[in-house]
Amino acid sequence: MNMNLVEIDKNNIWHPFTQMKTADNPLVITKGKDALLYDDKGDTYIDAVSSWWVNVHGHSNPYIAKKIYQQLQTLEHVIFAGFTHQPAIELSERLLHYLPHQDKIFFSDNGSTAVEVALKMSIQFFYNQGKEKNTIIALDDAYHGDTFGAMSAGGDSHFNDPFKNHLFKIKRIPTPVVGREKECIKKLKKIIKNNKVCSFIFEPLIQGAGGMIMYDEKILDELIAICKKNNILCIADEVMTGFYRTGKIFASNYLKNKPDITCLSKGLTGGTLPLSITTCNDKIYNAFLSNDKMKTFFHGHSFTGNPVGCSAALASLDLFEKKETQKNIQRIIKHHTKFYNKIKNHSTIENIRMKGTILALDFKTQNDTSYFNSIRDRLYSFFLDRKVILRPLGNVVYIMPPYCITKKQLYKVYSVIEEALNTFGNRSK
Ligand SMILES: *Cc1c(COP(=O)(O)O)cnc(C)c1O
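Residues numbered from 1 in each chain as written. Predicted model: local features only at pLDDT ≥ 70, side-chain atom pairs only at ≥ 80, totals over all residues. Heavy atoms only, no water.

1. As for the overall build of the protein chain
Then, number 1: In terms of helices and strands, the protein chain carries 13 helices and 16 strands.
Then, number 2: Relative to its length of 429 residues, the protein chain is compact, with a C-alpha radius of gyration of 22 Å against a globular reference of 22 Å.
Then, number 3: Structurally, the protein chain occupies a C-alpha span of about 65 × 55 × 45 Å along its principal axes.
Then, number 4: Taken over 429 residues, the protein chain has a buried fraction of 53%.
Then, number 5: In the protein chain, once contacts between residues fewer than 6 apart in sequence are set aside, the share between residues at least 24 apart is 71%.
Then, number 6: When the accessible area of the protein chain is evaluated, it comes to approximately 20500 Å², of which 53% is carbon and sulfur surface.
Then, number 7: Where the 56 positive side-chain charges of the protein chain centre and where its 42 negative ones centre are 5 Å apart. (Helix = DSSP H or I, 4+ residues; strand = E, 2+ residues; numbered from the N terminus. Rg over C-alpha atoms; globule rule 2.2 N^0.38 Å. Buried < 20%, exposed > 50% of the residue type's maximum accessible area, 1.4 Å probe, protein only. Contact = heavy atoms within 4.5 Å. Areas by Shrake-Rupley, 256 points an atom, 1.4 Å probe, with all protein chains shown as cover. Lys, Arg positive; Asp, Glu negative; His and termini not counted. Charge placed at Lys NZ, Arg CZ, Asp CG, Glu CD.)

2. Some details on the environment of phenylalanine 159
Then, number 1: Relative to the elements of secondary structure, phenylalanine 159 occurs in the loop between helix H6 (148-153) and strand S6 (171-173).
Then, number 2: For the pair phenylalanine 159 and threonine 241, spaced 82 residues apart in sequence, the C-alpha separation works out to 23 Å.

3. Side note on the side chain of serine 50
Then, number 1: Of note, serine 50 is situated in helix H2 (residues 50-53).
Then, number 2: Residue serine 50 is classed as buried on the basis of its relative accessible area, which comes to 0%.

4. Structural notes on the pairing of strand S5 (residues 135-139)
Then, number 1: Here S5 lies mainly inside the structure; five of its five residues are buried.
Then, number 2: Burial of the side chains of S5 extends over both faces: Thr135, Ile137 and Leu139 are buried on one face and Ile136 and Ala138 on the other.
Then, number 3: Alignment of S5 against strand S7 (residues 197-202), held across four bridges, turns out to be parallel. Pairing of isoleucine 136 across the sheet is with serine 199, part of S7.
Then, number 4: Where S5 lies against S6, three bridges are found, and the strand directions are parallel. Of the residues in S6, the one forming a bridge with leucine 139 is isoleucine 173.
Then, number 5: For the crossover that starts at S5, traverses H6 and ends in the parallel S6, the hand is right-handed. (Pairing = 2+ DSSP bridges. Right-handed = clockwise from strand over helix to strand, strands pointing away.)

5. Quick notes on the nonpolar core
Nonpolar side chains in soluble globular proteins tend to end up buried together.
Then, number 1: Leu91, Phe200, Met212, Leu361, Leu390 and Ile417 are the most contacted members of the largest nonpolar core, which totals 94 residues.
Then, number 2: A domain-level breakdown of this core finds at least three residues from each of domain 1 (2-60 + 323-427) and domain 2 (64-320).
Then, number 3: Each residue touching isoleucine 417, except ones within four places of it in the same chain, is listed here: Phe339, Leu361, Phe363, Phe383, Leu390, Val397 and Ile399.
Then, number 4: Phe106, Val117, Cys263 and Cys280 belong to the second largest nonpolar core, which has 26 residues in total. (Core = buried A, V, L, I, M, F, W, Y, C linked by side-chain atoms within 4.5 Å. Domains from an automatic or database assignment.)

6. Here we look at the state of the cysteines
Then, number 1: On inspection of all chains with the given rule, the structure shows zero disulfides.
Then, number 2: For cysteine 234, which is in no disulfide, the shortest distance to another cysteine sulfur is to cysteine 227 and amounts to 4.3 Å.
Then, number 3: By relative accessible area, cysteine 234 is classed as buried at 0%.
Then, number 4: There is no disulfide at cysteine 310, and the cysteine sulfur nearest it, in cysteine 280, is 17 Å away. (Disulfide = S-S within 2.5 Å.)

Shown next as structure tokens:
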């Protein structure tokens, strides 16, 4: 039976980000509960990466499940052009309450499409006004998704080599990590002077897939201020940072200068269903209002505003508004801080950092920090053998747990990382 499932999988299924020729057999997961995943061999794993960063309240949360079931019995889906429904309306009210600088909500299905929508809004905003401003600025090492616009906005990555000639031109500035702030500002000003820039897109405070690169809110505030002064729209891609990953509900809450557009997905539905939202302010929205049909935002997906997804998102917000969830988030931050202080001087660590519920560290290696680093595969297997799911990005190991993770589970995660530091320390080449 077990072998059968894997055999059929191998015959039929092409997995994401996976070299199918050399990949190990996938694990067959039969059940998920809170921070744990169970496989068909009777093994239990701690999901320390929240299943690709989406899961915030733990697996198979009964409250979200109940709300989804109720919605499915009432209205599973309806076309969203010319029609609307209660879950989308209620979600718009509640989300905009948390994003006071935003006025409108546009739905799509995943993080990449939320970014596509944001980029298209920012380009058409100026087009509709007859202004020739269409250059987009992005940060080095950025990741915004895998569709073409999102790939274009992403940092140079070998993953995109086959498509290089098909990506549109983007202007890049260095990620303003400590020591590179001045260079970043200088480059931004130079690009603005020589180009007709429509927007600046960034992952606020933490670049996720780029390697959990963290930078300060003060420098981001400065970059946004420069953009605003030059009539450039600012797009905060909060697909990963949203929903308390940084300790606050949105990373933008750390900023004085607020973005014009925000992209949300991943934690939006509590990690249960694909749904995403691009929010914008009325300045942008109003530029699309016209008797001229050609100024319409001609964008939409079949499942735009799916009621079941919206109900899951509402249930997730209910849970976030519970004291217990907020306590859990603070508890993770407290334990992360302790672990950070305990291991920060370990000789195998090159760079350790944390923000909110995310803790990341670089394993010292001779090679450059690339995904293809062999240490990545060895670390991944090392953790999996110890029943902890951690997916290093190259030599970067990070923890991004569901907030319901128990203290005991969290310390198990810490202990396998410490064991890896001691094990790989002397023999990593
Ligand atoms: C994951 C991610 C995306 C893409 O989201 P998908 O749902 O995988 O398409 C976009 N931006 C950021 C910052 C992300 O972390």
